[in-house]
Amino acid sequence: APAMPHIRPTHARTAPARHFAQLASYEEFLAAFGTPDRAREDETYGDLMGYDTYYWGARKHVRWDAWDDRVSLINLGAFEGNSGP
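Residues numbered from 1 in each chain as written. Predicted model: local features only at pLDDT ≥ 70, side-chain atom pairs only at ≥ 80, totals over all residues. Heavy atoms only, no water.

A. Local environment of the nonpolar core. Among the nonpolar cores identified, the biggest contains 10 residues, and these are Phe20, Leu23, Tyr26, Phe29, Phe33, Tyr51, Tyr55, Val62, Trp64 and Val71. Mapped by element, the contributors of at least two residues to this core are helix H3 (26-33), strand S2 (47-55) and strand S3 (60-65). Considering every element that reaches this core, the biggest residue donor is H3, with 3 residues. Sequence-distant contacts of Leu23, defined by excluding residues within four places in its chain, comprise Glu28, Phe29, Ala32, Phe33, Trp64, Asp69 and Val71. (Core = buried A, V, L, I, M, F, W, Y, C linked by side-chain atoms within 4.5 Å. Buried < 20%, exposed > 50% of the residue type's maximum accessible area, 1.4 Å probe, protein only. Helix = DSSP H or I, 4+ residues; strand = E, 2+ residues; numbered from the N terminus. Contact = heavy atoms within 4.5 Å.)

Here's what the structure looks like:
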């Protein structure tokens, strides 16, 4: 994918986390982003790693990292899992 001209590639990966740094809990995340159309808990060995939330109307996938209490990923556009039921 082409790099965003106004953001250096190293900053493009961390921009979502910095932009939403004020969100300190999953509840604050939901208040800011709204109720997702689909949410999936990501667990490994019984530990909650995070939540993958999908907003079909906006074609947005946002990952909440439960260990670091932060937004760690935002995907925009059409991709598997984000096209509705």
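B. Looking closely at the sheet that holds strand S4 (residues 70-76). The strand order S1-S2-S3-S4 describes an open sheet built from 4 strands, whose pairing is antiparallel. Strands with a single pairing partner mark the edges of an open sheet, and in this sheet they are strand S1 (38-44) and S4. On average, each strand axis in the sheet is inclined to that of its neighbour by 20°, with strand direction left out of account. Where S2 lies against S3, 6 bridges are found, and the strand directions are antiparallel. Within S3, the position partnered with Tyr51 by the bridge is Trp64. (Pairing = 2+ DSSP bridges. Axes fitted to C-alpha atoms, helices over the stretch in contact; angles between N-to-C directions.)

C. Spatial organisation of H3. Among the residues of H3, Tyr26, Phe29 and Phe33 are the ones counted as buried. Within H3, the buried residues cover an arc of 55° as seen down the axis, which keeps them to one side. Away from its buried face, by an angle of more than 90 degrees, H3 presents the exposed residues Glu27 and Ala31. Taken together, the buried residues of H3 touch S1, S2, S3 and S4. (Arc of directions from axis to C-beta.)

D. Up close: the environment of Leu30. Position of Leu30 relative to the elements: it lies in helix H3. Classification of Leu30 by relative accessible area gives partly exposed; the value is 27%. Separated by 23 residues in the primary sequence, Leu30 and Thr53 have C-alpha atoms spaced 9.5 Å apart.

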